[in-house]
Amino acid sequence: MKVVSVITARGGSKEIPLKNIMDVGGQPLISYSIKASLESNISETWVSTDNEMIAETSEKYGAQILWRPSEISQDTSSSELSLLHFAENVDFDILVFIQPTSPMINADYINKGIRLMGEYDSVFTVVEKHWLPTFDEN
């Protein structure tokens, strides 16, 4: 069974440009996702991108690159379009979709999800409660 991961990382973020390769704890943000994938039971680790700097950084950390067309790399483009593009271009039995902005991910989480695929046709992770800070004049 061929298990591959794809990390979607476009270069055109307007809020934080090139956030996926910004330094976080001494290394590029995307490197944490790549490292977790490489240390897991995944056969191939891919980054889907439209940006040369993201591609170079991702390759440096061990990922393969799938160049994403600009028409599905816009602010309004959904992750689903990137995943469909990936599925049309890379052969796999199980696809693990990893966010590039998840530095706390680790190989154990990925492997648990892969094991659950024996019982289910899809698996995803969530948190029960997410705290968002609120600010007021006080």
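As a reminder, the structure under discussion sits directly above these lines.
Residues numbered from 1 in each chain as written. Predicted model: local features only at pLDDT ≥ 70, side-chain atom pairs only at ≥ 80, totals over all residues. Heavy atoms only, no water.

Participant: Even after reading the chapter, I still don't get the overall build of the protein, so can you show me in this structure?
Facilitator: The helix and strand inventory of the protein stands at four helices and six strands. Taking 138 residues into account, the globule formula puts the C-alpha radius of gyration at 14 Å, and the protein, at 16 Å, falls close to it. Summarising its shape, the C-alpha atoms of the protein cover approximately 55 × 35 × 30 Å along the three principal directions. By the burial criterion, 37% of the 138 residues in the protein qualify as buried. (Helix = DSSP H or I, 4+ residues; strand = E, 2+ residues; numbered from the N terminus. Rg over C-alpha atoms; globule rule 2.2 N^0.38 Å. Buried < 20%, exposed > 50% of the residue type's maximum accessible area, 1.4 Å probe, protein only.)

Participant: Whenever I open this one, the pattern of salt bridges confuses me. Can you help?
Facilitator: Where charged atoms from two side chains of opposite charge approach closely, those side chains can pair. Under the counting rule described, the total for this entry stands at one salt bridge. The salt bridge involving Lys2 is made with Glu44; its shortest N-O contact spans 3.2 Å. Placement of Lys2 in the segment before strand 1 (3-8) and of Glu44 in strand 4 (residues 44-49) is noted, with a sequence separation of 42 residues between them. (Salt bridge = Lys/Arg side-chain N within 4 Å of Asp/Glu carboxyl O.)

Participant: How should unusual backbone geometry be read in this particular structure?
Facilitator: For residues other than glycine, phi is negative in most cases, and the peptide bonds are mostly trans. Positive phi is not limited to glycine here, since Leu18 has a value of about 55°. Residue position: Leu18 is located in the loop between strand 1 and strand 2 (23-24).

Participant: Quick question: what am I supposed to make of the environment of Gly25 here?
Facilitator: If you trace the backbone, Gly25 turns up in the loop between strand 2 and strand 3 (27-28). For Gly25, a relative accessible area of 73% corresponds to the exposed category. Counting along the chain gives 78 residues from Gly25 to Pro103, while the straight-line C-alpha distance between them is 9.8 Å.

Participant: In this structure, what is going on with helix 3 (residues 79-89)? I would like to understand it.
Facilitator: In an α-helix, one turn spans 3.6 residues, which is why side chains three or four residues apart end up on the same side. When we look at burial in helix 3, the residues that qualify are Ser82, Leu83, His85 and Phe86. All buried residues of helix 3 fall inside an arc of 160° around its axis, so they share one side. Exposed and oriented more than 90 degrees from the buried face of helix 3 are Glu80, Leu84 and Glu88. In the core, the buried residues of helix 3 are packed alongside strand 1, strand 4, strand 5 (64-67) and strand 6 (94-98). (Arc of directions from axis to C-beta. Contact = heavy atoms within 4.5 Å.)

Participant: For this particular structure, what's the right way to read the environment of Glu44?
Facilitator: Each C-alpha atom, one on Glu44 and one on Ala63, is 7.9 Å from the other, the two residues being 19 residues apart in sequence. Leaving out residues up to four positions away in the same chain, Glu44 has contacts with Lys2, Val3, Val4, Ser5, Gln64 and Val90. Of note is the side chain of Glu44, whose polar atom sits 2.9 Å from the side chain of Trp46. (Polar contact = N/O pair within 3.5 Å; in protein donor to acceptor, adjacent residues only side chain to side chain.)

All quantities given are derived from atomic positions and should not be read as evidence of function.
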